[in-house]
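Structural description and commentary
Single-letter residue listing:
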Amino acid sequence: MISLEIPKKFKPLVSQAHQVASEVLRPISRKYDLAEHEYPKELDLLASLIDGVNEGSGLGGAGAAGVRREDNGSGDGANRNGSNLSTVLSVMELCWGDVGLVLTMPRQGLGNSAIASVASEEQLTRFDGRWAAMAITEPEAGSDSAAIRTTAVLDGDEYVLNGEKIYVTSGERAELVVVWATLDRSKGRAAIRSFVVERSNPGLKLDRLEHKLGIRASDTAAFRLEDCRVPAEDMLGSAQIDVKQGFGGAMQTFDNTRPLVAGMAVGLTRACLEETRAQLEQAGVQEDHAAPALTQHAAAARMQAMEADYEAARLLTLQAAWMADNGRPNSLHASMAKAKAGRTCVEVALGCVELCGSLGYSENGLLEKWARDAKILDIFEGTQQIQLLIVARQLLGKSSADLR
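Reading the values: the criteria
- Residues numbered from 1 in each chain as written.
- Predicted model: local features only at pLDDT ≥ 70, side-chain atom pairs only at ≥ 80, totals over all residues.
- Heavy atoms only, no water.
- Helix = DSSP H or I, 4+ residues; strand = E, 2+ residues; numbered from the N terminus.
- Buried < 20%, exposed > 50% of the residue type's maximum accessible area, 1.4 Å probe, protein only.
- Areas by Shrake-Rupley, 256 points an atom, 1.4 Å probe, with all protein chains shown as cover.
- Pairing = 2+ DSSP bridges.
- Salt bridge = Lys/Arg side-chain N within 4 Å of Asp/Glu carboxyl O.
- Expected span 1.5 Å × (residues − 1).
- pLDDT = per-residue confidence, 0-100.
- Contact = heavy atoms within 4.5 Å.
- Core = buried A, V, L, I, M, F, W, Y, C linked by side-chain atoms within 4.5 Å.
- Domains from an automatic or database assignment.
- Polar contact = N/O pair within 3.5 Å; in protein donor to acceptor, adjacent residues only side chain to side chain.
- Disulfide = S-S within 2.5 Å.

Quick look at the overall build of the protein chain
For the protein chain, the count of helices and strands is twelve helices and eight strands. Every one of the 404 residues in the protein chain was classed for burial, and the buried ones make up 55%. If you sum the accessible surface of the protein chain, you get close to 17,300 Å²; carbon and sulfur atoms cover 53% of it.

Comments concerning the pairing of strand β4 (residues 176-182)
Successive residues of a regular strand alternate their side chains across the two faces of the sheet. In terms of residue burial, β4 counts as a mostly covered element, since seven of its seven residues are buried. The side-chain alternation of β4 yields two buried faces, one formed by Leu176, Val178, Trp180 and Thr182 and the other by Val177, Val179 and Ala181. Where β4 lies against strand β5 (residues 192-198), seven bridges are found, and the strand directions are antiparallel. The residue of β5 that forms the bridge with tryptophan 180 is serine 194.

Remarks on the pattern of salt bridges
According to the stated counting rule, one finds 30 salt bridges in the structure shown. The shortest N-O distance in the salt bridge between glutamate 158 and arginine 229 comes to 2.7 Å. Note that glutamate 158 is positioned in strand β3 (residues 158-169) and arginine 229 in strand β7 (residues 220-231), a separation of 71 residues in sequence. Ionic pairing is found between arginine 224 and aspartate 207, a salt bridge with its closest N-O pair at 2.7 Å. Taken together, the residues span a long stretch of sequence, with arginine 224 in strand β7 and aspartate 207 in strand β6 (residues 204-209) at a distance of 17 residues. Judged by relative accessible area, which is 28%, arginine 224 ranks as partly exposed. Salt bridges sharing partners connect three or more residues here, namely Arg30, Asp33, Glu36, Lys212, Arg216, Glu368 and Arg372.

Some remarks on helix α12 (residues 384-396)
An α-helical turn contains 3.6 residues, so a residue and the one three or four places further along point in the same direction. The end-to-end C-alpha distance of α12, which contains 13 residues, comes to 18 Å, matching closely the 18 Å that a straight helix rising 1.5 Å per residue would cover. Along α12, the residues classified as buried are Gln384, Ile386, Gln387, Leu389, Ile390, Val391 and Arg393. Note on α12: the residue one or two positions beyond its end, glycine 397, has a positive phi of about 70°.

Quick look at helix α8 (residues 298-325)
Look at α8: 41 Å from first C-alpha to last across 28 residues, which is about the 40 Å you get at 1.5 Å a residue. Of the residues trailing α8, glycine 327 is marked for its positive phi of about 70°.

A few points about the confidence of the model for the protein chain
Across the protein chain, the average pLDDT comes to 89, with 89% of residues at 70 or higher. Below pLDDT 50 for its whole length, residues 71-77 participates in eight contacts with residues either more than four positions away or in separate chains.

Thoughts on the nonpolar core
One finds Leu25, Leu268, Cys272 and Leu377 to be the most contacted residues of the largest nonpolar core, which totals 65 residues. Among the elements of the structure, α1 (11-34), α2 (42-57), α3 (83-97), α4 (99-103), α7 (248-282), α8, α9 (331-356) and α11 (367-374) are those that each provide at least two residues to this core. Take this core: its biggest share by element is eleven residues, from α7. Of the domains in this structure, domain 1 (8-123) and domain 3 (249-396) are the two that each give at least three residues to this core. The residues contacting leucine 268, other than those within four sequence positions of it, are Cys95, Val99, Cys345, Trp370, Asp373, Ala374 and Leu377.

Overview of unusual backbone geometry
Backbone geometry places arginine 107, a non-glycine residue, at a positive phi of 65°. In this structure, arginine 107 sits in the loop between α4 and α5 (110-118). Notably, glutamate 381 is not glycine yet its phi reads approximately 65°, a positive angle. Within the element layout of this structure, glutamate 381 appears in the loop between α11 and α12. In this structure glutamate 381 comes out as buried when scored by relative accessible area, which is 9%.

What about the side chain of glutamine 296?
By the secondary structure assignment, glutamine 296 is in the loop between α7 and α8. Overall, the relative accessible area of 14% leaves glutamine 296 in the buried class. Reaching out from glutamine 296, the side chain makes a polar contact with the side chain of glutamine 304 at a distance of 3.4 Å. Glutamine 296 has contacts with Gln286, Glu287, Asp288, Ala291 and Gln304, leaving out every residue within four places of it along the chain.

Thoughts on the environment of leucine 355
Relative to the assigned elements, leucine 355 resides in helix α9. On the basis of relative accessible area, leucine 355 is assigned to the partly exposed category, the value being 24%. Considered as a pair, leucine 355 and arginine 302 are 53 residues apart in the sequence and their alpha carbons are 8.7 Å apart.

Some thoughts on the state of the cysteines
Under the defined criterion, the tally for this structure stands at zero disulfides. Lacking any disulfide linkage, cysteine 95 is separated from the closest cysteine sulfur, that of cysteine 345, by 9.3 Å.

Topic: the side chain of glutamate 93
Checked against the element boundaries, glutamate 93 lands in helix α3. A polar contact is formed between the side chain of glutamate 93 and the side chain of histidine 18, at a distance of 3.0 Å.

Right, dumping it as structure tokens:
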């Protein structure tokens, strides 16, 4: 059974992550929000420190790169060292500092999570220590990854990729881009595979960098793939198309990354609540958790309702990570956590701006920035609506054809 307490072995990691968030990320948060597309050089040293922590601890999880489910001999594919949980806990702390900066931290990209999830041992060794972005979304395929139109055609010992990818987080800065493409459109989602493409590949052409509402410290790129030739050994997973297996192999990536994104939302939610609580206390509004909401100041009652949502999102996220570490299928819980945490983050961020009034709307503080950053956490890695659809399908035992 899951314990609601943070394991003792993770407490130093959580403390270190919070210190980084407080002393490194928060102080430069506004600077790189204003200087969109300027690379935060302060992160180079931080990334090196995180690499050292990961290598020395044996746990992993100091950054956002994600983890791998290993076969420990029992056949259950569990991570007994708790790397999923440690990663989520550290991400929660780091995103209390700044989400955009965490997303642009070298070697901590979502593409690294994809590689960690499904790469072979040989690929893990070959791509170790490199920064990988992940390219899934297309103009005609957003949250429905099965609708991907980018094609991969085998030509000798190479695959030739053609298509278009948009909203690629860290796409310009990363060394590698994990591109999702279809081996055969007629086979539907079962033919979707991911390919590790060198950023320097001449067939991977940068179209533009997006100007965004939030997470402005993180670059977001759009690419065209024009006869982009990729060695066959750089495809993640098997080339065999198994219609019965369906999308399972590719979806394992999401089972690992969705709790991470939920953790990002949980960290940002906590930042909003703590700042708002401090502002309300300065205004003389005190919460009393032992008293009924109706007997308290309206702002205090609103805070308690938001805190309850935050706690629910946090526990769902920890449960999804814990299940992965213990070899339990977590696809349902990963989607539940992502849906709850994403929606909670947006609602709490806007609620905190509302409670703080002009202080929440001003650029003199960070609440207005956090309100802008929050929305993407409800969108990428599968929108709120897609997560709820996945949850409904699994609870009702329906296929994607039955329930759209």
